[in-house]
Amino acid sequence: MDKLSFTKVEKEFWPKFRDEINHARNTVEVSGIFSITVAEFLKEVLEEKEIVGDYIEFLPDDPCHYKFDSEILNNKKFRETFSSSDLGNIIDRFVHAANSRYVHLSKLPEKTNSKIKRH
């Protein structure tokens, strides 16, 4: 059985995601950027309008680094698509980039705080 592939859609999201992650000033921004990007990505690939960033939680201390809310886990189309496509791998790539930036920013709290005060 062939797996569905969403790498073409992923490539459309990467430039904006990478730019936003690279310009995130603190760990809270990284978390928000990840959640919103994944929600927008899922909206597009699943053709669902109701998916929001609150459905995807960035968890830097968790081995998986993210968790889906029950709203999305109970969505039959999401479950079927997730199990029959490269969706998990794509989200893993997004979370890896977000987590790398998160770790970088968390090691520089004094620099992060001074940037926030200047803006």
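Above this text is the structure in question.
All values derive from a computational prediction rather than experimental measurement.

Draft legend 1. Highlighting the pattern of salt bridges. All chains considered together, the criterion is met by 6 salt bridges. Salt-bridge contacts for glutamate 10 lead to arginine 93; the nearest nitrogen and oxygen are separated by 2.8 Å. Taken together, the residues glutamate 10 in helix α1 (residues 7-22) and arginine 93 in helix α5 (residues 87-106) connect sequence positions 83 residues apart. Look at glutamate 10 and you get buried, because its relative accessible area is 5%. Arginine 25 is the partner of glutamate 29 in a salt bridge, and the nearest nitrogen-oxygen pair spans 3.3 Å.

Draft legend 2. Spatial organisation of the environment of arginine 18. Note on placement: arginine 18 falls in helix α1. C-alpha of arginine 18 to C-alpha of isoleucine 33: the two residues are 15 residues apart in sequence and 9.8 Å apart in space.

Draft legend 3. The arrangement of the nonpolar core in detail. Phe34, Phe41, Leu42 and Phe94 are the most contacted members of the largest nonpolar core, which has 32 residues in total. Tallying contributions element by element places helix α2 (residues 27-46) first for this core, with 9 residues. Other than its neighbours up to four places away in sequence, phenylalanine 41 contacts Phe6, Val9, Glu10, Phe13, Leu87, Ile90 and Phe94.

Draft legend 4. Spotlight on the packing of aromatic side chains. As enumerated under the stated definition, the model contains 12 aromatic pairs in all. With a centroid separation of 6.1 Å and 50° between ring planes, the pair formed by phenylalanine 34 and tyrosine 66 is classed as tilted. A residue pair is termed long-range when its members are at least 10 positions apart, and phenylalanine 34 in helix α2 and tyrosine 66 in strand β2 (residues 66-68) qualify at 32 residues. For the pair phenylalanine 68 and phenylalanine 82, a centre-to-centre distance of 6.1 Å together with 80° between the ring planes defines the contact as edge-to-face. Of this pair, phenylalanine 68 sits in strand β2 while phenylalanine 82 sits in helix α4 (residues 76-83), placing them 14 residues apart in sequence. Take phenylalanine 68: its relative accessible area is 10%, and that puts it in the buried class.

Draft legend 5. Unusual backbone geometry, seen in detail. The backbone of glutamate 47 sits at a positive phi, close to 55°, despite the residue not being glycine. Tracing the backbone through its elements, the reader meets glutamate 47 in the loop between α2 and β1 (56-58). When its relative accessible area of 66% is taken as the criterion, glutamate 47 is described as exposed. Residues other than glycine seldom take positive phi values, yet histidine 65 does so here, at roughly 75°. Looking at histidine 65, the relative accessible area reads 19%, which means it is buried.

Draft legend 6. Layout of the packing of α1 against α5. The geometry of α1 relative to α5 is characterised by a closest axis approach of 11 Å and an angle of 10° between their N-to-C directions. On the basis of the axis angle, α1 is roughly parallel to α5. On the side of α1, the interface is formed by Thr7, Glu10, Phe13, Trp14, Phe17, Ile21 and Asn22, while α5 contributes Ile90, Arg93, Phe94, Ala97, Ala98 and Arg101. Looking at the contact of α1 with α5, its residues break down into 8 nonpolar, 2 polar and 3 charged.

About the cut-offs
- Residues numbered from 1 in each chain as written.
- Predicted model: local features only at pLDDT ≥ 70, side-chain atom pairs only at ≥ 80, totals over all residues.
- Heavy atoms only, no water.
- Salt bridge = Lys/Arg side-chain N within 4 Å of Asp/Glu carboxyl O.
- Helix = DSSP H or I, 4+ residues; strand = E, 2+ residues; numbered from the N terminus.
- Buried < 20%, exposed > 50% of the residue type's maximum accessible area, 1.4 Å probe, protein only.
- Core = buried A, V, L, I, M, F, W, Y, C linked by side-chain atoms within 4.5 Å.
- Contact = heavy atoms within 4.5 Å.
- Phe/Tyr/Trp six-rings, centres within 6.5 Å; stacked < 30°, edge-to-face > 60°.
- Axes fitted to C-alpha atoms, helices over the stretch in contact; angles between N-to-C directions.
- Parallel < 35°, antiparallel > 145°, perpendicular 65-115°, else oblique.
- Nonpolar A, V, L, I, M, F, W, Y, C, P; charged D, E, K, R; others polar.

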